Amino acid sequence: MMFPTIDTWRAQERPELEALYAELETLCAAEDANAKECLAAVSDRLGIEIQPSQLKDKVIHIRVADDWIELSRDPELAEFNRDRFARWRSEIAQETADDILETDAHVMHMHLKRLHGDRLKSLLVNAMPRLSAFAMLDEVLVDKLTLHLMRPTIEHLSGETAATCDVQAALLEKILASLAYRGALEHCTFRGNEIVINKTLNDVRFTESYIVFSREMPISLSQSIKPGPLQDVIEIGEGPVDGLMIERASVNEDRYRKAMTNVSLTTNRFDDDQIATLNPSRFLADDNAA
């Protein structure tokens with residue numbers, strides 16, 4: 001796990017999510033005569049409008065943050081629904097999670113409702129979101145290495161030059177505020193309010209946990225890599241990233257290419273002083289801001 005924010009939100013929103021799942025279960029099992037009232041309860045809980053016309057079909061589509069909940073009212077799928085609600089309850093009961101959870105979007109949605117209240121209906125509509133969920137957040141965490149590697153994308157989308165990490169953060173904040181879809185940010189993984197880049201640059205692969213590369217050199221030489229500035233070992237694009245350090249290096253022989261040695265670096269990428277906190281919601285129009 002990188003940052004604790006989504007876990008904090010999960011604990012904060014757990015009572016609301018438990019109530020939501022109970023209401024969704026009731027909606028799935030409701031007779032047609034009672035379904036409209038059940039749907040209204042779900043709408044109120046989520047703070048959005050769900051069109052009653054959806055009740056004509058067996059499947060209901062509900063927009064939550066940057067994802068969808070699809071519910072089946074088909075009695076033949078009752079067991080499937082029970083299993084899914086049990087899985088969701090198990091997920092929101094977790095204090096910490098080391099991976100992306102299906103319910104993270106539910107957690108994020110309830111956090112947005114807490115932030116924006118009744119205004120959420122105008123910010124996030126059921127059929128098509130006017131804004132990405134990230135545009136509505138007051139806290140988005142991104143590490144400086146991600147900002148550094150995203151620099152070409154940021155400059156392309158913004159039309160401006162990002163000379164420093166602080167400038168890049170400000171430009172990314174504006175981009176997040178205007179994007180309809182997160183897909184414009186290539187090679188990024190999103191978890192809650194966190195942005196992590198996963199890409200390959202000059203044969204160096206950046207993942208959520210490690211920086212990995214292979215080199216044609218004796219394993220004894222690669223074992224001499226010591227803690228120190230990351231850029232003493234690899235190039236990570238144009239310009240330095242201040243304070244980015246190697247904390248630990250592990251090496252092993254490539255079993256398929258005997259002349260190559262694989263190197264995995266653990267860095268301080270997610271230390272407090274390497275994190276930028278963005279607030280894209282401040283760019284919302286005054287009549288829509290929380």
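All of these numbers come straight from a predicted model, not from anything done at the bench. (Residues numbered from 1 in each chain as written. Predicted model: local features only at pLDDT ≥ 70, side-chain atom pairs only at ≥ 80, totals over all residues. Heavy atoms only, no water.)

**Examining the overall build of the protein**
To keep it simple, the criterion reads: Going along the chain from the N terminus, every DSSP run of H or I of four or more residues is numbered as a helix, and every run of E of two or more is numbered as a strand. Exposure categories follow from relative accessible area, calculated using a 1.4 Å probe and restricted to protein chains: below 20% of the type maximum is buried, above 50% is exposed, and the middle band is partly exposed. For this analysis, residues touch if any pair of their heavy atoms sits within 4.5 Å. All accessibility values rest on the Shrake-Rupley procedure with a 1.4 Å probe; residue burial counts only the protein chains present in the view. Under this rule, positive means Lys or Arg and negative means Asp or Glu; His and the chain ends count for nothing. The atom standing in for a charge is NZ when the residue is Lys, CZ when it is Arg, CG when it is Asp and CD when it is Glu.
Scanning the protein from N- to C-terminus turns up nine helices and 12 strands. Across the 290 residues in the protein, those meeting the buried criterion constitute 48%. In the protein, the proportion of contacts linking residues at least 24 apart, taken out of those at least 6 apart, comes to 62%. Total accessible area on the protein is roughly 14,600 Å²; 48% of this is exposed by carbon and sulfur atoms. The positive charge centre, built from 32 side chains, and the negative charge centre, built from 50, are 2 Å apart in the protein.

**A few points about the nonpolar core**
In plain terms, the rule: For this analysis, a nonpolar core means a set of buried residues of the types Ala, Val, Leu, Ile, Met, Phe, Trp, Tyr and Cys, connected via side-chain atoms within 4.5 Å.
Ranked by internal contacts, the top residues of the largest apolar core, which has 72 residues, are L24, I62 and L172. Each residue touching L24, except ones within four places of it in the same chain, is listed here: V42, I62, I69, L71, F85 and W88.

**Comments concerning the sheet that holds strand 8 (residues 211-215)**
Worth spelling out the cut-off: Any two strands are treated as partners once DSSP identifies two or more bridges connecting them.
Pairing within the open sheet is antiparallel, and its six strands lie in the order 6-7-8-11-10-9. Each edge of the open sheet carries a strand with a single partner, namely strand 6 (199-201) and strand 9 (228-229). As paired strands, strand 9 and strand 10 (residues 245-253) are joined by two bridges and run antiparallel to one another. Of the residues in strand 10, the one forming a bridge with P229 is M245.

**What about the packing of helix 2 (residues 32-46) against helix 4 (residues 104-116)?**
A packed helix pair is summarised by two numbers, namely the angle formed by the two axes and the spacing between the axes. For clarity, the cut-off: Interaxial angle, 0 to 180 degrees, is taken between N-to-C directions of lines fitted to C-alpha atoms, where a helix line uses only the stretch in contact. An angle counts as roughly parallel when it lies under 35 degrees, as roughly antiparallel when it exceeds 145, as roughly perpendicular when it falls between 65 and 115, and as oblique in every other case. Here the nonpolar group is Ala, Val, Leu, Ile, Met, Phe, Trp, Tyr, Cys and Pro; Asp, Glu, Lys and Arg are the charged ones; every other residue, Gly included, is treated as polar.
Direction vectors running N to C along helix 2 and helix 4 enclose 70°, while the axes themselves pass 9 Å from each other. As the angle between them shows, helix 2 and helix 4 are arranged roughly perpendicular. Together, D44, R45 and L46 of helix 2 and H109, M110 and K113 of helix 4 make up the contact between the two elements. Grouping the amino acids of the contact of helix 2 with helix 4 by side-chain chemistry returns two nonpolar, one polar and three charged.

**Observations concerning the pattern of salt bridges**
Rules: Only one rule defines a salt bridge in this text: a Lys or Arg side-chain nitrogen within 4 Å of an Asp or Glu carboxyl oxygen.
Scanning all chains against the criterion turns up 14 salt bridges. Here D32 ties to R73 by a salt bridge, and the two come within 3.2 Å at their closest N and O atoms. Taken together, the residues D32 in helix 2 and R73 in the loop between strand 2 (67-72) and helix 3 (78-92) connect sequence positions 41 residues apart. We note a salt bridge from E155 to R151, for which the minimum N-O separation is 2.9 Å. Pair noted here: E155 and R151 are both in helix 7 (residues 151-158), with a separation of four residues, about one helical turn. Residue classification places E155 among the partly exposed residues on the basis of a relative accessible area of 22%.

**Some details on the packing of aromatic side chains**
What counts, and what does not: Here is the rule: rings of Phe, Tyr and Trp (six-membered ring for Trp) pair when centre to centre is within 6.5 Å. Planes less than 30 degrees apart are stacked, more than 60 are edge-to-face, and the remainder are tilted.
Applying the stated criterion across every chain, the model contains three aromatic pairs. When the centroid spacing of 5.3 Å and the interplanar angle of 40° are considered together, the rings of Y21 and W88 count as tilted. Taken as a pair, Y21 in helix 1 (residues 5-29) and W88 in helix 3 lie far apart in primary sequence, 67 residues in all. There is no split in this pair, since Y21 and W88 are both buried. Ring geometry for F85 and W88: centres 5.5 Å apart, planes at 85°, overall edge-to-face. Separated by three residues within a single helix, F85 and W88 lie in helix 3, roughly one turn from each other. Like W88, F85 is buried. Clustering of aromatic rings is evident, with ring pairs tying together Y21, F85 and W88.

**Concerning the sheet that holds strand 5 (residues 194-197)**
Pairing is mixed across the open sheet formed by four strands, whose spatial order is 4-5-3-12. The sheet terminates laterally at strand 4 (188-191) and strand 12 (275-278), the two strands that pair on one side only. On average, adjacent strands in this sheet sit at an angle of 25° to one another, irrespective of strand direction. With four bridges connecting them, strand 3 (residues 140-143) and strand 12 associate as antiparallel partners. Pairing of D143 across the sheet is with I275, part of strand 12. Helix-sheet contacts for helix 8 (residues 165-178) involve strand 3, strand 5 and strand 12, and the interaxial angle to strand 12 is about 40°.

**Details of helix 3**
For clarity, the threshold we go by: One fewer than the residue count of a helix, multiplied by 1.5 Å, yields its expected span. Note that the arc is computed from the directions linking the helix axis to the C-beta atoms.
End to end, helix 3 covers 21 Å across 15 residues, agreeing with the expected 21 Å (1.5 Å per residue, within 8%). Within helix 3, the full set of buried residues consists of N81, R84, F85, W88, E91 and I92. The buried side chains of helix 3 occupy one side of the element, clustering within an arc of 120° when seen end-on. In helix 3, the exposed positions angled more than 90 degrees off the buried face are occupied by E79 and R82. Close packing links the buried residues of helix 3 with helix 1, strand 2 and helix 4.

Coordinates in, geometry out; function isn't part of it.
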